[in-house]
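Next come the chains, spelled out residue by residue.
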Amino acid sequence: MELAGLGAYALFFLNLVGIYAIMALGLNMQWGMTGQFNIGIAGFFAVGAYTTAILTTGPSDNWLGGLNLPFLLGLVGSVIVCLPIAWAVGRITARLRTDYLAIATIGIAEIIRLFFLNEGWLSNGTRGIPGIEKPFGLGNGGYLIVVAAFVGLTWLAVEIARRSPWGRVLRAIRDNEPATAAAGKDIARFRLQAFVVGSCIMALGGGLYAHFVGFVSPEAFRPLYGTFLVWVMLIAGGSGNNLGAMLGALVVWLIWSSTEMLAGLVPTALIGSESAFRVFLIGILLQIILVSRPQGLLPEKRPPMPGEHRR
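Along each chain, residue indices are assigned from 1 in the same order as the chain's sequence is written. Whole-chain, interface and lining totals are the exception, using all residues; otherwise, since this is a predicted model, local features are given only for residues with pLDDT of at least 70 and side-chain atom pairs are given and counted only at 80 or more. Each side-chain value is worked out from all heavy atoms of the structure, with water and hydrogens disregarded.

Here we look at the overall build of the protein chain
Stage number 1. Under the DSSP-based scheme used, a helix requires at least four consecutive residues in state H or I and a strand at least two consecutive residues in state E, with every element numbered from the N terminus. Per the secondary structure count, the protein chain includes 13 helices and 2 strands.
Stage number 2. Whereas a compact globule of 311 residues would reach a radius of gyration of roughly 19 Å, the protein chain reaches 20 Å, a difference of no more than 12%.
Stage number 3. When the backbone C-alpha atoms are referred to their principal axes, the protein chain occupies close to 55 × 45 × 40 Å.
Stage number 4. Counting the 311 residues in the protein chain, one finds 48% classified as buried.
Stage number 5. Restricting the contact set of the protein chain to residue pairs at least 6 apart, pairs at least 24 apart contribute 77%.
Stage number 6. Where accessible areas are quoted, they stem from the Shrake-Rupley method and a 1.4 Å probe; at the residue level, only the protein chains shown are allowed to cover. Carbon and sulfur atoms form 68% of the exposed surface of the protein chain, whose accessible area is close to 14700 Å².
Stage number 7. Each charge class in the protein chain was averaged separately, 21 positive and 15 negative side chains, and the resulting centres sit 13 Å apart. Radius of gyration: C-alpha atoms only; globule rule: 2.2 Å multiplied by the number of residues to the exponent 0.38. For every residue, the accessible area (1.4 Å probe, protein chains only) is compared with the maximum for its type, and the residue is labelled buried under 20%, exposed over 50%, or partly exposed between those bounds. In this analysis, two residues are considered to be in contact whenever any of their non-hydrogen atoms come within 4.5 Å of each other. The charged-residue count follows a simple rule in which Lys and Arg add positive charge and Asp and Glu add negative charge, with His and chain termini not counted at all. By convention, charge coordinates are those of NZ in Lys, CZ in Arg, CG in Asp, or CD in Glu.

Now the structure itself:
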């Protein structure tokens, strides 16, 4: 029984690691490659989850649904719905940098979350949308294969983009924007493209999350779970390195899960609340990594330029 329980927990753990790895890859497209300080991850995460839930659930008087579309069409729909939203947000925030972009995006993410909270006809408000089934009647073990496949495909797509001429322009914008503009590159257009692509990847993660958990509500998309942890994963794993983003998802979620047990061992009178104590421990981890390995566990490596491998 104990082994069965550990196995079930391992499947649950690995599914969430895969979903967070996809979102970390999306953030790496924006921050690691382009230098865009997006603190609104939770908003695009929510768009993907709610879109999939609405498209794939059965008829209900409590929320907009009843389409009963297949799993893959639900995921495609989550990306398609996210496209115009991400484009609009990207256009609005195109000229903002660093802290101004962070303030704008976290505000937009909260607007999206509160929209789903208050528009009950669409999302069932605080009660959320239940009954989101896994594809083909799969359990957590089978669904892990699906998640792993999407992680692999997302990593491959983002890695190809990183090594492409388009990706080299993004890194040039990140490292030296004036020189890139002087070379004739349209900075605003490239920034918008990277922002939209990264946001759609986050929406894909939201769609996979909805089918894994089987239920979505506004509480799941608070900044702590939808934004803060993803940032810690990317910074810890290695900003600019796609393998580092995935490694960071594994390491940070392992530590986050462990802190739940550790927080349970400490008297409540000393820590105030378990959730606050867990954030405190993750903050300590981040400080240790920033001091000891400021470039993350897997630092960024510049991909070879065309022709370099032949020398």
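This is not the end of the story, as more comes after the structure.
Re the environment of Gly-141
Stage number 1. Along the chain, the position of Gly-141 falls in helix H6 (residues 140-163).
Stage number 2. Judged by its relative accessible area of 31%, Gly-141 falls in the partly exposed class.
Stage number 3. On a C-alpha basis, the gap between Gly-141 and Leu-11 in space is 6.0 Å, while along the polypeptide they are 130 residues apart.

Concerning the packing of aromatic side chains
Stage number 1. To pair, rings of Phe, Tyr and Trp, with the six-membered ring standing in for Trp, must have centres within 6.5 Å; the planes then decide the type, stacked if under 30 degrees apart, edge-to-face if over 60, and tilted in the middle. Across all of its chains, the model carries 16 aromatic pairs by this definition.
Stage number 2. Ring geometry for Phe-44 against Phe-195: centres 5.8 Å apart, planes inclined by 80 degrees, an arrangement best described as edge-to-face. Of this pair, Phe-44 sits in helix H2 (residues 41-56) while Phe-195 sits in helix H9 (residues 187-213), placing them 151 residues apart in sequence. Across the pair, Phe-195 and Phe-44 agree in class, each one buried.
Stage number 3. Geometrically, a lysine NZ or arginine CZ counts as sitting over a ring once it is within 6 Å of the ring centre and also within 35 degrees of the ring normal. Here the basic side chain of Arg-189 rests over the ring of Phe-190, its NZ or CZ set 5.0 Å away from the ring centre.

Observations regarding the side chain of Thr-56
Stage number 1. One can find Thr-56 in helix H2.
Stage number 2. Classification of Thr-56 as buried rests on a relative accessible area of 13%.
Stage number 3. Ignoring anything within four residues of it in the chain, the contact list for Thr-56 reads Asn-68, Leu-69, Pro-70, Gly-74, Ile-132 and His-211.

Side note on the side chain of Asn-241
Stage number 1. Along the chain, the position of Asn-241 falls in the loop between helix H10 (223-237) and helix H11 (242-265).
Stage number 2. Among the polar contacts made by the side chain of Asn-241, one reaches the main-chain amide nitrogen of Leu-243 at a distance of 3.0 Å.
Stage number 3. Throughout this description, a polar contact denotes any pair of N or O atoms lying within 3.5 Å of each other; where both atoms belong to protein, one of them has to be capable of donating a hydrogen while the other can accept it, and for residues adjacent in sequence the pair is counted only when both atoms sit in side chains. A distance of 3.0 Å separates a polar side-chain atom of Asn-241 from the backbone oxygen of Pro-299.

Notes on the pattern of salt bridges
Stage number 1. Whenever Lys or Arg places a side-chain nitrogen within 4 Å of a carboxyl oxygen from Asp or Glu, that contact is recorded as a salt bridge. Scanning the entire structure with this criterion turns up 8 salt bridges.
Stage number 2. A salt bridge links Asp-186 to Arg-189; the nearest nitrogen and oxygen atoms lie 3.9 Å apart.
Stage number 3. Residue Arg-189 is classed as partly exposed on the basis of its relative accessible area, which comes to 43%.
Stage number 4. Several salt bridges share partner residues, and in doing so they unite Glu-159, Arg-162 and Arg-163 into one network.

Some details on helix H3 (residues 71-92)
Stage number 1. To estimate how far a helix should reach, multiply one less than its number of residues by 1.5 Å. Given a rise of 1.5 Å per residue, 22 residues ought to cover 32 Å, and the 32 Å separating the end C-alpha atoms of H3 matches this to within 8%.
Stage number 2. What we call the bend at a residue is the angle made by axes fitted to the seven residues finishing there and the seven residues starting there. Of all the bends in H3, the greatest, near 30 degrees, is centred on Leu-83, and the proline Pro-84 appears no more than four residues after it.
Stage number 3. For H3, the elements touching its buried residues are H2, helix H4 (98-118), H6 and H9.

Description of the packing of H10 against helix H13 (residues 274-292)
Stage number 1. Angles run from 0 to 180 degrees between N-to-C directions of axes, and those axes are lines fitted to C-alpha atoms, restricted for helices to the stretch in contact. The geometry of H10 relative to H13 is characterised by a closest axis approach of 10 Å and an angle of 25 degrees between their N-to-C directions. Here H10 is positioned roughly parallel relative to H13, judged by the angle of their axes. In terms of crossing hand, the pair formed by H10 and H13 is left-handed. Mapping the contact onto sequence places Leu-224, Phe-228, Val-232, Ile-235 and Ala-236 in H10 and Val-279, Ile-282, Leu-286, Ile-289 and Leu-290 in H13.
Stage number 2. Classification used: nonpolar for Ala, Val, Leu, Ile, Met, Phe, Trp, Tyr, Cys and Pro, charged for Asp, Glu, Lys and Arg, polar for all others including Gly. Here the residues of the contact of H10 with H13 sort into 10 nonpolar, no polar and no charged. Each angle gets one of four labels, with under 35 degrees taken as roughly parallel, over 145 as roughly antiparallel, 65 to 115 as roughly perpendicular, and the rest as oblique. Helix crossings are classified by the rotation of the near helix relative to the far one: an anticlockwise turn of less than a right angle makes the crossing left-handed, while a clockwise turn makes it right-handed.

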